[in-house]
Amino acid sequence: MNVFNHEITGLQIIVGILILLMLYKMLICTLGLIEEQTSKISRTFTNRLFIIVCLFVIAIQRHFEFKFISYQVENFDLIGIYGFIIGLLSMYGIYIGFLQFIVADSEKAKYLGTNKIKYLADSSIWYKLTQTRTFLFGLFAFIISPILIVNTQGKVQEYSIYVWQTSIIMLLLIYIFLIGMSLEIIQIMFLMKDNKDKLLEGQIRSQISNKYYNLFQKAYAKEFSQDYNYKFFRNLKYDLLEIDTKLIDIFLNEVFSKIECELESSEGAFKSVKNGEREKYLYNSYKRFVHEKWKFLTSNKYKIGWRQFKKLLESDITVFKRLVNETPKLVEKNDRVRFVLNDQIDNVHNYLFDQLIVRSMIEPNEIDELYKSIKESTRKLKYLSKNKLQKYYESVENHKWERLIENYLNSDIEFDLPVFFDRDDKDFYSNAVFKVLIEDYGDLRKSIDSDEKLKKIIESMNAVHFVAYSLYQLFYPNDHDWKENAVYFKNKLESKFDRYDENENEQLYRAAAKKIATTHINHRITFDILMTIFKDRKKQITNVDYFDQFQYSRISSVMVLFVQGILEHDNDYSDRIRFDRSNENESRIIKKLCLDYLQIVDRVPEIIEFKELSFTMKKLLEGVIFKNYYSICNFGIVSLLYYESILRNNNSVFAKDVFLEAIGYDSDHAANQYLYNESIFTFFAIKLIDREYDQYFNDDHFLDTFREAGVHILDNLGVTIDEYVYNIYSELKNAPYAKMGKIRLKQVANKLELIFFK
């Protein structure tokens, strides 16, 4: 058989067909692999590849003188030939029409910001080929070559024939594969309508993962420099703009999943140490990337779901745990772990947890899961070997609990506090609570009973830390700053010490004293001072100098007696102080002690019910007479009434005489300006209904001064008589020794009205 001027036998034809079949299968497999990787192939590369293939085909034709077009002037009909050309071009016109059809419906077919139809087209090397200049040149050669063939001779004509043959072969071959691509697109479009295109979606996810993995690799190679970090997150920013909010979590999972997989494994592509002229630690460079990553992800622009947010954070925490464990030189080269690992700015574990806790406050349903995970990581601490890294991880766990507690106290979110069954875990948690309370609630100005969350946190500590915080609050260096919380701590401390025997109580108190000695008040409230207070709790004080040892600590004498009474509270009627009152110095100290106590009664009226203290103070007050204004002017109405009740038990004095003498009243002169003191005026206003004071209110001079003082005080307060009396009721309703009912106070109001408007 003669084919293209070559004699071919039947056997050669059979062998040729078999070879063509084998080559066809190989070609299909090769093209399939190329199309799978086509996202990595640039148009420039495709363009060059097409040129090389064309030149190769032309060279083969020239070498074998292969011509299926034979030029003969009489048989070469240009009109017929251009009819063939138009027919072939019209085939491409059909393809262009198909593209227009699928483009019209492509906007509805998006997944993770990627147009599925465009992805299919872009993933085809044949489609990319049609976008190159070489393809346009091939079309031009296909159209112009017949004219060159007719109007040239020799080599030019010969090569024109080869070029035309090559353009025909390539255009037909490309068209065949474009048809195949079109049929595949149609098939997938049908699958898309039935939501069965999972394979395509998987390919898109893989493309996203590969894209960002490549960007990350480049950043890793440049030690995560600012420019490469910026490039990574700039790409991410623009891609997220195209993503539906519901799919952001899936998209971010694909972006970071492959990166995380390689980072978390010590066998992965990203080594913790690069060896070269100098060792380079991934820990030091990767934290720059992580900082940019979470600055980007925690912005309000992106609504990332809690699960994905937590997964990404936990992955980074795992990565840094691996890096810290694999780079012990970071610890060994420095005496202090804090210098390298535990500095607040550089500690990435702490930084990452801060992002997690802030987000968890927006997700109240997830907070329980969060602190359960913290409990578990705290439990695992005991299994770490004793070394510098253990100290590091202990500091990380401390940071977690501190942030959790701070956010619990400073937010409106309610959740159950953790319950520990292991003593070491409870102690670890309590230590974190204690630290937060000392830093944020050291000078506790609010009532604990008015803040249920604060109360829960305080009571969640173990016995040692609770006792330490209670004593810290009672001994806080401000000897005049008694608050109602003193009663709360008294009751709680009594219940704590009631649970143990005497030896156990001493161990508990000693441990608490050591804990207080680690706080910022340890320069005043020393361990020795605290132990002196404990050891002397049963001691009867007979030496006037006993309280001098507490002056530098700024612990008031009353507070010393108060705490010692708590520590030995079974002895209700113990007379703790027995001085020789004939000594002027001792009398002065007793008077100062009584003055302090009465001022405390004004702030904390319930203190007089604490018999371990009040019994001793009553004994002292019965023998102390405050006969001058400068003493009683410091008292409030509660302490004035309480002091009067004590004086009534002293048969050697008349209570009314003491108070009248204190305001400068005698039988010849009216009371002076001392009645203008609000507390003193209120005291005498209450005594308007006490018959013992009738004779003084019948004195015109006293009554005139009382009236003028009352009008002045109520005018300054801006209240009416009824409002003033109601304020008295509010102030006295919690005072055990000075309560007055509304009926009696109404009588006071009536009396005042008669006096003021007489």
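Keep in mind that what you see is a predicted model, and the values were worked out from it rather than measured. (Residues numbered from 1 in each chain as written. Predicted model: local features only at pLDDT ≥ 70, side-chain atom pairs only at ≥ 80, totals over all residues. Heavy atoms only, no water.)

**Student:** So what exactly am I meant to see when it comes to the pattern of salt bridges here?
**Tutor:** Oppositely charged side chains can pair when the atoms bearing their charge come close. On inspection of all chains with the given rule, the structure shows 27 salt bridges. A salt bridge links Glu254 to Arg205; the shortest N-O distance between them is 3.6 Å. With Glu254 in helix H10 (residues 248-264) and Arg205 in helix H8 (residues 198-221), this pair connects stretches of sequence that are 49 residues apart. Where Asp449 meets Lys455, a salt bridge forms, and the shortest distance between an N and an O atom there is 3.4 Å. Each of the salt bridges in this network shares a partner with another, and the network as a whole consists of Glu502, Arg537, Lys538 and Glu568. (Salt bridge = Lys/Arg side-chain N within 4 Å of Asp/Glu carboxyl O. Helix = DSSP H or I, 4+ residues; strand = E, 2+ residues; numbered from the N terminus.)

**Student:** Could you clarify how one ought to interpret the side chain of Ser639 in this entry?
**Tutor:** Looking at the element boundaries, Ser639 is found in helix H28 (residues 637-647). Residue classification places Ser639 among the buried positions, given a relative accessible area of 0%. At a separation of 3.1 Å, a polar atom in the side chain of Ser639 contacts the main-chain carbonyl oxygen of Gly636. (Buried < 20%, exposed > 50% of the residue type's maximum accessible area, 1.4 Å probe, protein only. Polar contact = N/O pair within 3.5 Å; in protein donor to acceptor, adjacent residues only side chain to side chain.)

**Student:** Which parts of the structure should I look at to understand the packing of helix H11 (residues 282-297) against helix H12 (residues 306-326)?
**Tutor:** Axis angle and axis distance: for two packed helices, these are the angle between their axes and the distance between the axes, and together they describe the pair. At a closest axis distance of 11 Å, the pairing of H11 and H12 adopts a crossing angle of 170 degrees. One element, H11, and the other, H12, form an angle in the roughly antiparallel class. Here Leu282, Tyr283, Tyr286, Lys287, Val290, Lys293, Trp294 and Leu297 of H11 come into contact with H12, specifically with Phe309, Leu312, Leu313, Asp316, Val319, Phe320, Leu323 and Val324. The residue inventory of the contact of H11 with H12, partitioned by class, reads 13 nonpolar, no polar and 3 charged. (Axes fitted to C-alpha atoms, helices over the stretch in contact; angles between N-to-C directions. Parallel < 35°, antiparallel > 145°, perpendicular 65-115°, else oblique. Contact = heavy atoms within 4.5 Å. Nonpolar A, V, L, I, M, F, W, Y, C, P; charged D, E, K, R; others polar.)

**Student:** Would you mind going over the side chain of His399 with me for this structure?
**Tutor:** Mapped onto the secondary structure, His399 falls in helix H17 (residues 388-410). When its relative accessible area of 5% is taken as the criterion, His399 is described as buried. At 2.8 Å, the side chain of His399 forms a polar contact with the side chain of Asp354.

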